[in-house]
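Below, each chain spelled out in residue letters.
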Amino acid sequence: MSESTAHHYLESHSPGHGLAQPRAAFTSDAPVLDLTGTWRFRLAAGLAQVTEGFEADAFDDSGWDTIAVPSCWQMDGLPGEPRFGTPTYTNQIYPFPIDPPHVPDTNPTGEYRREFTLPAPWPAGRTLLRFEGVDSCFAVWLNGTLLGDGKGSRLPTEFDVTDTLRADGPNTLAVRVHQWSAASYLEDQDMWWLSGIFRPVALLSRPDGALTDVFVHADYDHLTGHGTLWVHSTGAPARLTVPELGITDADPAGPHTVAGVTPWSAEQPRLYEAELVTDGERIPLRIGFRRIGVQDGLILANGRPVLFRGVNRHEWNPDTGRTLSHEDMLADVLLMKRHNINAVRTSHYPPDSAFLELCDEYGLWVIDECDLETHGFGLIGWAGNPSDDPRWRESFLDRMRRMVERDKNHPSVVMWSLGNEAGHGSNLRAMAEWTRERDPERLIHYEGDDNCDYVDVYSQMYTDHNGLGVIGRGHESVTRDPAQDARRRTMPFILCEYAHAMGNGPGGLSEYQDLFESYPRLHGGFVWEWIDHGIRRLTPDGREHFAYGGDFGEPVHDDNFVCDGLVFADRTPSPGLTEYKKAVEPVRITVDPAGGTIRVRSHLHTIDTAHLRFRWTVEDQGRLQGDGELAVPPVAAGAATELTWPEALTKLCDAPLEEGEERWVTVSAELAEDEPWAPAGHEIAWSQAAIAGPAPEAPPLGSPLTPLLADGTYALGPAVFDAVTGTLLRLGGDLDVDGPRLDLWRAPTDNDLRTWGGPLAEAWRNAGLDRLEHRAVRVRPHDGGLDVTVRTAPAGADYAMRTVFRWAADAEDPGLLRLSLTTEPVGTWPCPLPRIGIRLALPQDIETVDWFGLGPGEAYSDTTAAVRVGRFTAGVDDLQTPYVLPQENGNRRQVRHARLTGGQGSGLAVTASPHLDLTVRRWTSEDLDQARHTTDLRPRDRVYVNLDAGQQGIGSGACGPATQPQHELIARPVTLTIGFRPC
Ligand code: IPT
């Protein structure tokens, strides 16, 4: 064969050659030889540089490198220097010319070799060589014989090696993997381009008398409570045993109708252990009875409407890329369960099968998505899109078949998704038709089918709140093809992607959830996305950070758009995940102090609330006054109950309260007992109510002091001011203070930087908000204190903020310095403001912040669900959220009091009337704005404190709706009253 024919597969539309039929993933007691481990490896630059004859037994590979299988070769060597090429990140754009099915000559090609010997005894029968995932295209030789070639990176490929395998003696396996191939056109997902044998490889004995495939059907009829089981197996005759159901050695085809089975659901993932036995092997099965379908326009699971509280999950590990360990997968499942998440869309490819086993076991509804995306064609108006080109039909169908066949026995999988962002076309329809025929028991999803003519569920992404309400009411606009309109109007709806979790945010989750819970047609959504795909790297001086697009010198890339998860790349939850947990809590508690009632409404699907224990606490100014259990009779799924307050709670609330203090009742629901995914005591839901609200206004001063002029400064109580500029210089003798100054700027968030319809950050910079100038208009001492008037405006602008700082001190309270600030717009500001407040700087030895207000986490006006009123303490460094791209973060909302203290004991106490937002950090907003990675942030010799009346909301405008109008910070008059006291 000439070189060009030998590698013809690379640029062919074909899904592969020499492949075994796709079948279900199942284990068996037949022998398996695990072929993971260390392989010999060589990376060639392209086809012209491959090693001729590398497949031969006798080939000497002793001079080659080694690599781990499975792994992504570009990740090898990280967090230091990558040894084999580098990762490349693009979102939509193909990193090669659009010239299908061709790819560039520069095409990194990994050559792999290993030897193995079959363990004895190895049964007679057939043997399959199984690759769980190879990215993107590969050819395989065993003992010098070409077995075939495969594509479909995140799908299994099997070759029958029976006739090539040596039973006694060493076998040589040689695999050539190409980074780019015709298949790359079908795999344009928004993620790093990574290559190699990245999932496990094994040799599977299929002994004489083994099964070829098995399809478990386990239906549940909620009206009768009956389960019906029939198992379709092919290959050798099999017998079925399900001990718990009294099925012994039975014909698998049944059907076996069993009364009183417990259905499988995400909340109660009941699995029945079963075994299929043939003459050749024993196959363990885990059977979950359930029925999923659409009825009267609703998605029903076991007869009840289901509401997805979902996430989109890519497979990611910051050190190994798309090669995940079992611990990584389990960590994802446990984190999801602990954050009230009940559903996963496997964006945008079938995951490692082990993940689906975990979903079966722990309980998560799954939309299993095919490995298909042709998004880059969108950038050229979808011209030549493979989705509508018959030459690609077989490849599309092959991908769908391989997913459905592999995953068809997972009760967790309730929908098949054809892929993502692949435009329109007859190949997609063909996939849907094949799937409906093969597995009518699951629903079909594809967001791109906006007409909904071959899907079962109407789906969109990033629809804003208004649009979602319109769909909830069934008032959406007519379909592109009006013939489909009437049908689509009767369909249930999901948001397969929403609430883009890039950087700080997403904002507006609670408002989305309100809509999902208000309109039956809306079955919930899937946040984009679960995890940041940051890559762990070291700076030259050894400091760790997460890399993103462009960090490996890619000529074409999409920057940090690859980091938009609810968890950071190392699986640390971001504030967005905490917010999501609260926004989607499956039990809603309402505490009504006026009526003395507590209402509990369940949004659970299957189980009642018997697994929860309810507790109440009463706190005065954050100090615990008493707590107790609340006896809540089990509330059925979807039902509600109302209780009157227990006497002890009423009594505590009626007790006298200290002047100026606040009293709050908190009621929470937590796990009563250990669950497989969280220990007893794990909180699921909570609610708070104020018994006595915050003190509205600061009390008047007893004897206001008059400022004393000396040496160019004014002394006023504990404070010293510059007499010319009116700036506060010192407080309490030894606390050096810079400022405060009016501050309107924040380091733009990802949502500010990329806002759909025009970046807000650009509007801010155009308006000059990042380069404000201050002019002291007047410094006026009087017998009630010192008034400083300042005009703040950017160069070239005629709009400004006019601020009056009214400073006062009290002879009867010598430590106190009070600021009453009013600021108001002059002229018309062209855009909303990032923040309105003041910034001051304190000595660097400030280390700890204690506060009474909302906490413990960061919050902004539209990300406030997860924070509660209480007393909190945190180190300055712990108040920072390390977003991969440094940006505004760490704001604590509605702070009434704060104490900022340091090792030397000198600090500052702040009292707000009634409250303000607080940010404390070792660098400035400008530093955050400049920094590209977390390691660019270096502590300065000051600690910067922002005290704000408010900030612009967060939104999720980087991909989706901008901040909702009610959370915009329009320039307006603002008043702040703050007490400062050295402490
Ligand atoms: C949408 C994609 O489906 C997803 O893969 C991801 O890229 C996401 O956007 C943004 O992070 S598509 C977009 C054009 C709405």
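For the chain, an unreviewed UniProt entry supplies the name Beta-galactosidase and the organism Streptomyces cellulosae. According to the UniProt record, the Sequence similarities (unreviewed entry) comment for the chain reads "Belongs to the glycosyl hydrolase 2 family." What UniProt states about the chain under its Catalytic activity (unreviewed entry) heading is, verbatim, "Hydrolysis of terminal non-reducing beta-D-galactose residues in beta-D-galactosides."

(A) View of the overall build of the chain. Looking only at helices and strands, one finds 13 helices and 59 strands in the chain. For 983 residues, the compact-globule formula gives about 30 Å, and the C-alpha radius of gyration of the chain, at 32 Å, lands near that figure. Oriented by its inertia axes, the alpha-carbon framework of the chain measures out at about 100 × 65 × 60 Å. Among the 983 residues that make up the chain, the fraction classed as buried is 60%. Sequence-distant contacts in the chain: of pairs separated by 6 or more residues, those separated by 24 or more amount to 74%. Split by element, the accessible area of the chain, about 35200 Å² in all, is 50% carbon and sulfur.

(B) Summary view of the site of the ligand. Residues in contact with the ligand amount to 15 residues; listed here are only the nearest, D190, H348, N420, E497 and H500. A distance of 2.5 Å separates an oxygen atom of the ligand from a polar atom in the side chain of D190. Side-chain polar atom of H500 to an oxygen atom of the ligand: 2.8 Å apart, as the coordinates give it. Here the residues of the shell around the ligand sort into five nonpolar, six polar and four charged. For the shell around the ligand, the domains that each give at least three residues are domain 1 (3–207) and domain 3 (304–531 + 566–581).

(C) Structural detail: helix α2 (residues 326–338). Between the first and last C-alpha of α2 there are 18 Å, a value that for 13 residues agrees with the 18 Å anticipated at 1.5 Å per step. On its buried face, α2 is in contact with β26 (308–312), β27 (343–345) and α3 (353–362). Of the residues trailing α2, N340 is marked for its positive phi of about 65°.

(D) Local environment of empty space enclosed by the protein. Enumeration over the complete set of coordinates arrives at four cavities of 30 Å³ or more. Its volume calculated, the largest cavity comes out at about 70 Å³. For the largest cavity, the lining is made up of 13 residues, of which G503, D532, C563, Y883 and V884 are closest to its centre. The residue inventory of the lining of the largest cavity, partitioned by class, reads six nonpolar, five polar and two charged. Here the lining of the largest cavity gathers at least three residues from each of two domains, domain 3 (304–531 + 566–581) and domain 5 (708–982). There is about 50 Å³ of room inside the second largest cavity. Together, 14 residues line the second largest cavity, and P15, K151, A183, S395 and R399 are the ones closest to its centre. Of the residues forming the lining of the second largest cavity, the biggest block, four residues, is contributed by helix α4 (residues 393–407).

(E) Geometry of the packing of aromatic side chains. Going through the model one piece at a time under the given rule, you end up with 35 aromatic pairs. Arranged with centres 5.5 Å apart and planes meeting at 65°, the rings of F59 and W64 form a pair that is edge-to-face. For F59, a relative accessible area of 21% corresponds to the partly exposed category. On the basis of an interplanar angle of 65° and a centroid distance of 5.1 Å, the ring pair of W180 and W193 is categorised as edge-to-face. Placement of W180 in the loop between β12 (171–178) and β13 (191–193) and of W193 in strand β13 is noted, with a sequence separation of 13 residues between them.

(F) Quick look at helix α9 (residues 575–583). By the criterion of burial, α9 is predominantly enclosed, with seven of the nine residues buried. For α9, the full list of buried residues reads G576, L577, E579, Y580, K581, K582 and A583.

(G) Geometry of the sheet that holds strand β41 (residues 663–671). Taken in spatial order, the four strands of this open sheet run β39-β38-β41-β42, and their pairing is antiparallel. Of all the strands in the sheet, the pair left with one neighbour each is β39 (623–630) and β42 (683–692). Between one strand and the next, the sheet's axes are offset by a mean angle of 20°, whatever the strand orientation. Direction of pairing for strand β38 (residues 612–620) relative to β39: antiparallel, over a ladder of seven bridges. Residue pairing in the sheet places F614 in a bridge with L630 of β39. Docked against the sheet, helix α10 (residues 647–654) engages β38, β39, β41 and β42, running at close to 15° with respect to β38.

(H) Looking closely at unusual backbone geometry. Looking along the chain, the bond that leaves D135 and enters S136 is cis, with omega of 0°. Along the chain, the position of S136 falls in the loop between β8 (134–135) and β9 (137–142). Here the bond from G855 into P856 is cis, since omega is 0°, no more than 30 degrees from zero. Phi angles above zero are rare outside glycine, and D711 is one such case at about 50°. By the element assignment, D711 lies in the loop between β43 (708–710) and β44 (713–716).

(I) Structural detail: the layout of surface pockets. The calculated volume of the largest pocket comes to roughly 980 Å³. Surrounding the largest pocket, 39 residues form its lining, A25, F26, T27, S353 and E357 being those nearest its centre. The element contributing the most residues to the lining of the largest pocket is α3, with six residues. Residue composition of the lining of the largest pocket, grouped by class: 19 nonpolar, eight polar and twelve charged. By volume, the second largest pocket is sized at about 690 Å³. Together, 35 residues line the second largest pocket, and R896, H897, T911, A912 and S913 are the ones closest to its centre. At the level of secondary structure, the elements contributing two or more residues to the lining of the second largest pocket comprise β52 (813–826), β54 (846–855), β56 (892–902), β57 (908–921) and β59 (974–982). With six residues, β57 is the single largest residue contributor to the lining of the second largest pocket. Of the residues that constitute the lining of the second largest pocket, the class distribution is 16 nonpolar, seven polar and twelve charged. Here the lining of the second largest pocket gathers at least three residues from each of two domains, domain 4 (585–692) and domain 5 (708–982).

About the criteria used
- The numbers attached to residues start from 1 for each chain and follow its sequence in the written order.
- Per-residue local features are limited, in this predicted model, to residues with pLDDT of at least 70; the limit for side-chain atom pairs, both in listing and counting, is 80 or more; totals at the level of whole chains, interfaces and linings are taken over all residues.
- With hydrogens and water excluded, all non-hydrogen atoms of the structure serve as input to the side-chain values.
- UniProt positions are given in the numbering used here, feature names are shortened, and annotations may be inferred rather than shown by experiment.
- In DSSP terms, a helix is any run of H or I states spanning at least four residues, a strand is any run of E spanning at least two, and both are numbered starting from the N terminus.
- In this treatment the radius of gyration is a C-alpha quantity, and the globule benchmark scales as 2.2 Å times the residue count to the 0.38 power.
- The classification of residues rests on relative accessible area computed with a 1.4 Å probe and restricted to protein chains. Under 20% of the type maximum is buried, over 50% is exposed, and intermediate values are partly exposed.
- The contact rule is simple, with two residues in contact once any of their heavy atoms fall within 4.5 Å.
- Values of accessible area rely on a 1.4 Å probe in the Shrake-Rupley scheme; residue burial ignores everything except the protein chains shown.
- Being near a molecule or strand, for a residue, means having at least one of its heavy atoms within 4 Å of it.
- The term polar contact refers here to a pair of N or O atoms within 3.5 Å; inside protein, the definition further demands a hydrogen-donor-capable atom paired with an acceptor-capable atom, and it admits residues adjacent in sequence only when both atoms are side-chain atoms.
- For this scheme, ten residues count as nonpolar: Ala, Val, Leu, Ile, Met, Phe, Trp, Tyr, Cys and Pro. Four count as charged, namely Asp, Glu, Lys and Arg, and the remainder, Gly too, count as polar.
- For the purposes of this description, domain bounds are those given by an automatic or database domain assignment.
- A helix is expected to reach a length of 1.5 Å times the quantity of its residues less one.
- The definitions used throughout rest on a 1 Å grid laid over the protein atoms alone, on which a cavity is an enclosed set of points accommodating a 1.4 Å probe that cannot get out and a pocket is an open set flanked by protein within 12 Å on both sides along at least five of seven lines; lining residues are those having an atom within 4 Å of a point.
- Grid points are joined across faces, edges and corners, and a volume is the space filled by probe spheres set on the points.
- Whether two aromatic rings pair depends on their centres lying within 6.5 Å, for rings of Phe, Tyr and Trp, where Trp uses its six-membered ring; planes under 30 degrees apart make the pair stacked, over 60 edge-to-face, and the rest tilted.
- Only when DSSP finds a minimum of two bridges between them are two strands counted as paired.
- Only the stretch in contact is used when fitting a helix axis, every axis being a line fitted to C-alpha atoms; angles between N-to-C directions are given from 0 to 180 degrees.

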